[in-house]
Amino acid sequence: LHTRGPSQAQPHTVHRRHGPHARDRAATPTTMSWFRGGGAAAPQEKSQMQAAVLEMEMMTDLFNKMSAVCKAKCITSTREAELNVGEMSCIDRCVGKYLEAHQKVGEVLKKVEEDVKKQQEAQATIAQSLS
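A quick note: this is a predicted structure, and the numbers were derived from the prediction, not measured.

Definitions and cut-offs
Residues numbered from 1 in each chain as written. Predicted model: local features only at pLDDT ≥ 70, side-chain atom pairs only at ≥ 80, totals over all residues. Heavy atoms only, no water. Helix = DSSP H or I, 4+ residues; strand = E, 2+ residues; numbered from the N terminus. Buried < 20%, exposed > 50% of the residue type's maximum accessible area, 1.4 Å probe, protein only. Areas by Shrake-Rupley, 256 points an atom, 1.4 Å probe, with all protein chains shown as cover. Expected span 1.5 Å × (residues − 1). Contact = heavy atoms within 4.5 Å. Polar contact = N/O pair within 3.5 Å; in protein donor to acceptor, adjacent residues only side chain to side chain. Salt bridge = Lys/Arg side-chain N within 4 Å of Asp/Glu carboxyl O. Core = buried A, V, L, I, M, F, W, Y, C linked by side-chain atoms within 4.5 Å. Axes fitted to C-alpha atoms, helices over the stretch in contact; angles between N-to-C directions. Parallel < 35°, antiparallel > 145°, perpendicular 65-115°, else oblique. Left-handed = near helix turned anticlockwise from the far one by under 90°.

Asker: Break down the overall build of the protein for me, citing the residues and quoting the values.
Answerer: A tally of regular secondary structure across the protein gives three helices and two strands. Mapped from its N terminus to its C terminus, the protein presents α and β elements in the order β-β-α-α-α. By residue count, 8% of the 131 residues in the protein fall in the buried class. Summed over all atoms, the accessible surface of the protein reaches about 11,500 Å², with 58% contributed by carbon and sulfur.

Rendered as structure tokens:
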């Protein structure tokens, strides 16, 4: 257990990705002003919080789906408390492939979104020039 003396005390901050107990790790601190002020969050902070909650829900969904798929594919018996070497290897490959596929799909969707935005901008420009 790591303790700090009075001269080393730091204010309590919440760190992204690590939670409130990761003060000693290198992480980006996030200010949570709505707790200190007692009032509602500013609109920008509220939208950032909504985005963070949505991202957390999406990651939870990804983890749950990946767990179910890889378990169904790789776990042959639940009689033993631990995985055998073949099951561990299968799970490792399955998780790697699942995450790689998820990343590639995300990249394709991002490109499609950018292309649609460019197309909409071009259509707006054409419509303005015709007016």
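Having seen the structure, we can now continue with the description.
Asker: Go over helix H3 (residues 85-130), please, and point to the residues and values.
Answerer: Each turn of an α-helix holds 3.6 residues, which means side chains three or four residues apart point in the same direction. For H3, which comprises 46 residues, the first-to-last C-alpha distance of 68 Å matches the rise-based estimate of 68 Å (1.5 Å per residue) to within 8%. Looking only at H3, the buried set comprises Glu 87, Cys 90 and Cys 94. The elements touched by buried residues of H3 are helix H2 (43-74). Between the side-chain oxygen at the start of H3 and the backbone nitrogen of Gly 86 there is a gap of 3.0 Å, and the oxygen is on Asn 84.

Asker: Before we move on, can you summarise the pattern of salt bridges with the specific residues and values?
Answerer: Under the criterion given, the structure shown has three salt bridges. For Asp 61, the salt bridge goes to Lys 65, with nearest N and O atoms at 3.3 Å. Here Lys 65 and Asp 61 lie together in helix H2, a separation of four residues that amounts to about one turn. Take Asp 61: its relative accessible area is 37%, and that puts it in the partly exposed class.

Asker: Explain the nonpolar core residue by residue, including any values.
Answerer: By size, the foremost hydrophobic cluster in this structure holds five residues: Met 66, Cys 70, Cys 74, Cys 90 and Cys 94. Breaking this core down by element, the ones donating at least two residues are H2 and H3. No other element matches the three residues that H2 contributes to this core. Excluding residues that lie within four positions of it along the chain, Met 66 makes contacts with Val 95, Tyr 98 and Leu 99.

Asker: Summarise the packing of H2 against H3; cite the residues concerned and give the values.
Answerer: Where H2 contacts H3, the two axes come as close as 9 Å, and the packing angle between them is 140 degrees. Classified by the angle their axes make, H2 and H3 are oblique. As H2 packs across H3, the resulting crossing turns out to be right-handed. Contact residues: Leu 62, Lys 65, Met 66, Val 69, Cys 70, Lys 71, Lys 73 and Cys 74 in H2; Glu 87, Cys 90, Ile 91, Cys 94, Val 95, Tyr 98, Leu 99 and His 102 in H3.

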